[in-house]
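Overview (structure and organization)
Below, each chain spelled out in residue letters.
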Amino acid sequence: EEPSPAAEAFIELAARAVRPLLEIGAAYGNATLPALRAGGTVIANDLSASQLDVLASATPEEHRKRLVLMPARFPEEIRLGAGSLSGVLAAQVLHFFDGAAVELAFQSALRWLEPGGAFYVVVMTPSCSFYSKLRPKYEKRARGGERWPGIFDPGTVASPDWKERLPPMVNLFEKDVLRRCAEVTGFTVETLAYFCFRQSSATLRTDGRECLTLTAR
């Protein structure tokens, strides 16, 4: 699976981090496994303990002592010390959270990170092909001053074969909302940019702004 820009930065950090890294929604280890190969100690979090078991099985023996499995719901079920991490990656996670949970995620990451530690985020925008029909409504809500203009029921625009596979809520982001989330928490935004995965099929592409990547410290 193609790594996101945030995952690439997380993996690069692993080579020089002095404290552990945390991957939220690690699943089968798209970022965790290369971060381990780079020399980092990684806490792999996911709701699915079975997926984490697959990740553990795929981890070479020489790296397993630097892998910590943490099946838990982020952020409320995770217990970590203040300043105990060098980096946190939440890729393709926060767009499934409501506003209060997004704010708690940023607050938790800031508390867990050492001074200068990095929070890497990837979220979907209204340009994502699945949800591009929602952009006019998103923009109308944003003009009206709604704090979370991207919260929708994705089933309202899903094709019949996808409707049953989707979660009940999606929270789409634009730059101003994601920047606000970081800055009101106390982070300094280092990078904030649109991107589209290079391997995305033509049917998934719209305007090159399908995803947002954030690095905040």
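Up top you'll find the structure we're talking about.
The notes below deal with the structure included here.

Rules used throughout
- Residues numbered from 1 in each chain as written.
- Predicted model: local features only at pLDDT ≥ 70, side-chain atom pairs only at ≥ 80, totals over all residues.
- Heavy atoms only, no water.
- Helix = DSSP H or I, 4+ residues; strand = E, 2+ residues; numbered from the N terminus.
- Core = buried A, V, L, I, M, F, W, Y, C linked by side-chain atoms within 4.5 Å.
- Buried < 20%, exposed > 50% of the residue type's maximum accessible area, 1.4 Å probe, protein only.
- Contact = heavy atoms within 4.5 Å.
- Pairing = 2+ DSSP bridges.
- Axes fitted to C-alpha atoms, helices over the stretch in contact; angles between N-to-C directions.
- Salt bridge = Lys/Arg side-chain N within 4 Å of Asp/Glu carboxyl O.
- Polar contact = N/O pair within 3.5 Å; in protein donor to acceptor, adjacent residues only side chain to side chain.
- Phe/Tyr/Trp six-rings, centres within 6.5 Å; stacked < 30°, edge-to-face > 60°.
- Lys NZ or Arg CZ within 6 Å of the ring centre and 35° of its normal.

What follows concerns unusual backbone geometry. For the bond from Phe 74 to Pro 75, the omega torsion is 0°, close enough to zero to count as cis. Among the secondary structure elements, Pro 75 is positioned in the loop between strand 3 (67-71) and strand 4 (85-91).

Turning our eyes to something else, we now look at the nonpolar core. Of all hydrophobic cores here, the largest spans 43 residues; its most connected members are Leu 94, Phe 106, Phe 119, Phe 173, Leu 178 and Leu 214. If you list the elements that add at least two residues to this core, you get strand 1 (21-24), strand 4, helix 4 (99-112), strand 5 (113-124), helix 7 (175-185), strand 8 (189-195) and strand 9 (211-216). Not counting chain neighbours up to four residues away, the residues in contact with Leu 214 comprise Phe 106, Phe 119, Tyr 120, Val 121, Leu 178, Ala 182, Val 189, Thr 191 and Leu 192. Of all hydrophobic cores here, the second largest spans 23 residues; its members include Ala 31, Leu 33, Leu 89 and Val 122.

Moving on to the environment of Ala 38. By the element assignment, Ala 38 lies in the loop between helix 2 (32-37) and strand 2 (42-46). Taking C-alpha positions, Ala 38 is 24 Å from Gly 81, a pair spaced 43 residues apart along the chain. Discounting chain neighbours no more than four positions away, the residues touching Ala 38 are Ile 11, Ala 14 and Ala 15.

To continue, consider the sheet that holds strand 4. In a beta sheet, neighbouring strands pair by backbone hydrogen bonds and run either parallel or antiparallel. If you trace the 7 strands from one edge of the open sheet to the other, you get 3-2-1-4-5-9-8, paired in mixed fashion. In this open sheet, the two edge strands, each paired with only one partner strand, are strand 3 and strand 8. When strand polarity is set aside, the average angle formed by the axes of neighbouring strands in this sheet is 15°. By the bridge criterion, 6 bridges tie strand 5 to strand 9 in an arrangement that is antiparallel. Its bridge partner being in strand 9, Val 122 is matched across the sheet by Thr 213.

Let's shift gears to the pattern of salt bridges. A full pass over the atoms with the stated rule returns 9 salt bridges. One salt-bridge network, held together by shared partners, links Arg 135, Glu 139 and Glu 174.

As for its placement among the helices and strands, Thr 125 is situated in the loop between strand 5 and helix 5 (135-143). The class of Thr 125 is buried, set by a relative accessible area of 0%. At a separation of 2.5 Å, a polar atom in the side chain of Thr 125 contacts the main-chain carbonyl oxygen of Arg 209. Not counting residues up to four positions away in its chain, the partners in contact with Thr 125 are Arg 135, Leu 172, Phe 173, Tyr 194, Arg 209, Glu 210, Cys 211 and Leu 212.

All right, on to the packing of aromatic side chains then. The final tally for this structure, using the stated rule, is 7 aromatic pairs. The side chain of Arg 180 reaches across the aromatic face of Trp 148, ending 4.7 Å from its centre. Above the plane of the ring of Tyr 194 lies Arg 209, whose end atom (NZ or CZ) is 5.5 Å from the centre.

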